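# Observations on chain architecture
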Amino acid sequence: MQLSPYSRARPKPVGSRRETVIWYMMRITGVMLFVLALAHFSIYHFIWDPAEQTAEFIITERWNQLFWRGYTWLMLMTVLFHGWLGMRTVVLDYFHRPRVRTGVLWFLYGLGIFLLIIGTQVIFQAPLPVEGASAQ
Amino acid sequence: MLRVPTVLRYRGREGMLAWAFHRISGIGIFAFIVLHVIDIYLVGGNPELYDEVLEFYASLPGRVMEVVLGGALLYHALNGLRIIILDLWPSMTVFHRGMWWAMWAIFIVVGVPGALIIMRPVWLPFVQDLGLL
């Protein structure tokens, strides 16, 4: 079977331990996201309608429980991992000049770290609901 | 010499189409995630602005975009499972096309009701006016 020399496509990589680990982690995080992300989408679109989801709703109905804050953070970690390694595959396929490729990858990683920081910060620092009053 | 794009020339059929949709949906979801983590940051950082963003998501164009996002997500997830099945059981490769069609059946069965639920505030008034509900 002839495969593109650039593609990181499906066959399990041989010869590179890093690429093999990435290959496994994409599948493991993919299955995790199948559960976490599809349940998340279902909760926020099918169980509740977006029209009723103000910031107050999030604070008083969802993030008043540590479980949902933890769930959201786990989902954030998993999607950043899966998405960024996925984008790495795409970049490696289309950008071949070494400096351009490195530049694009580091820009993407920087973006990922930025999202990790602001995502973690809001999940753990968003206020808990005040008893008997609006969260605002 | 006329250059024909590979996608029009290479006869990869379902397998290549599956890969192409997987990549396109993946990049689309990635772009959405960048915006989504930032907008969720507003829940703690600027709740009033978050409420305004939600109003857009609940509007007609917002809902149409949500249906597209849901479709991309569902396709990427289902095809991802198909890939994992093929990786764990290589003998299933002979059925890769059958799995492709089965996957589209699941996509329709799950996706169409989902799209209807998301778009409900848009079509429900029309159906009620017609006296059907």
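Basis of the calculations
Residues numbered from 1 in each chain as written. Chains lettered and ligands numbered in written order. Predicted model: local features only at pLDDT ≥ 70, side-chain atom pairs only at ≥ 80, totals over all residues. Heavy atoms only, no water. Buried < 20%, exposed > 50% of the residue type's maximum accessible area, 1.4 Å probe, protein only. Helix = DSSP H or I, 4+ residues; strand = E, 2+ residues; numbered from the N terminus. Arc of directions from axis to C-beta. Contact = heavy atoms within 4.5 Å. Buried area = accessible area lost by both parts, 1.4 Å probe. Salt bridge = Lys/Arg side-chain N within 4 Å of Asp/Glu carboxyl O. Polar contact = N/O pair within 3.5 Å; in protein donor to acceptor, adjacent residues only side chain to side chain. Axes fitted to C-alpha atoms, helices over the stretch in contact; angles between N-to-C directions. Parallel < 35°, antiparallel > 145°, perpendicular 65-115°, else oblique. Nonpolar A, V, L, I, M, F, W, Y, C, P; charged D, E, K, R; others polar. Phe/Tyr/Trp six-rings, centres within 6.5 Å; stacked < 30°, edge-to-face > 60°. Lys NZ or Arg CZ within 6 Å of the ring centre and 35° of its normal.

### Looking at helix α3 (residues 47-57) of chain B
- Turning to α3 of chain B, its buried residues are P47, Y50 and L54 of chain B. For α3 of chain B, the angular spread of buried residues about the axis comes to 50°, placing them on one side. Among the exposed residues of α3 of chain B, those pointing more than 90 degrees away from its buried face are E48, E52 and E55 of chain B.
- Contacts from the buried residues of α3 of chain B go to α2 (55-62) of chain A together with α2 (13-45) of chain B.

### A closer look at the interface of chain B and chain A
- If you look at the interface, chain B gives 36 residues, while chain A gives 39 residues.
- Taking both sides of the interface into account, the surface hidden between chain B and chain A amounts to around 3,100 Å²; carbon and sulfur atoms contribute 75%.
- Notably, a salt bridge pairs D49 of chain A with R63 of chain B, separated by 2.7 Å at the nearest N-O pair.
- Here chain B and chain A share five residue pairs in polar contact (both at pLDDT 80 or more) between them.
- Elements represented by at least two residues in the side of chain B that touches chain A include exactly α2, α3, α4 (60-88) and α5 (96-118) of chain B.

### Thoughts on the pattern of salt bridges
- In the structure shown here, the tally under the stated rule is four salt bridges over all chains.
- One salt bridge connects D93 of chain A with R23 of chain B, and the closest N-O pair in it is separated by 2.6 Å. One end of the pair, D93 of chain A, is in helix α3 (residues 66-94); the other, R23 of chain B, is in helix α2, on a second chain. Judged on exposure class, the residue D93 of chain A and its partner R23 of chain B are both buried.

### Observations concerning the packing of helix α1 (residues 17-47) of chain A against α5 of chain B
- Relative to each other, α1 of chain A and α5 of chain B sit at 50°, their axes nearing to 9 Å. Taken together, the axes of α1 of chain A and α5 of chain B lie oblique to each other. Along the contact surface, α1 of chain A presents F41, H45 and F46 of chain A, while α5 of chain B presents G114, I117 and I118 of chain B.
- When grouped by side-chain class, the residues that make up the contact of α1 of chain A with α5 of chain B number four nonpolar, two polar and no charged.

### What to know about the environment of A72 of chain B
Residues and elements named next belong to chain B.
- Structurally, the position occupied by A72 is in helix α4.
- Taking the C-alpha atoms as reference points, A72 and I27, 45 residues apart in sequence, are found 9.7 Å from one another.
- If we skip the residues at most four places from it in the chain, A72 touches S25 and I29.

### Looking at the packing of aromatic side chains
- The final tally for this structure, using the stated rule, is 15 aromatic pairs over all chains.
- Judged by centre distance (6.2 Å) and plane angle (55°), the rings of W73 of chain A and F124 of chain A are tilted. Of this pair, W73 of chain A sits in helix α3 while F124 of chain A sits in helix α4 (residues 98-125), placing them 51 residues apart in sequence.
- With a centroid separation of 5.6 Å and 35° between ring planes, the pair formed by Y75 of chain B and W104 of chain B is classed as tilted. Placement of the pair is Y75 of chain B in helix α4 and W104 of chain B in helix α5, with a sequence separation of 29 residues.
- The class of Y75 of chain B is buried, set by a relative accessible area of 5%.
- A relative accessible area of 22% places W104 of chain B in the partly exposed class.
- Here the aromatic residues F21, Y75, W100, W104 and F107 of chain B are joined through ring pairs into a cluster of three or more.
- One residue, R27 of chain A, lies across the ring of W23 of chain A, its end atom 4.0 Å from the ring centre.
- Between R62 of chain A and the ring centre of W68 of chain A, over which it is positioned, the NZ or CZ distance is 4.2 Å.

### Remarks on the environment of L88 of chain B
- On the secondary structure map, L88 of chain B appears in helix α4.
- Separated by 23 residues in the primary sequence, L88 of chain B and M65 of chain B have C-alpha atoms spaced 34 Å apart.

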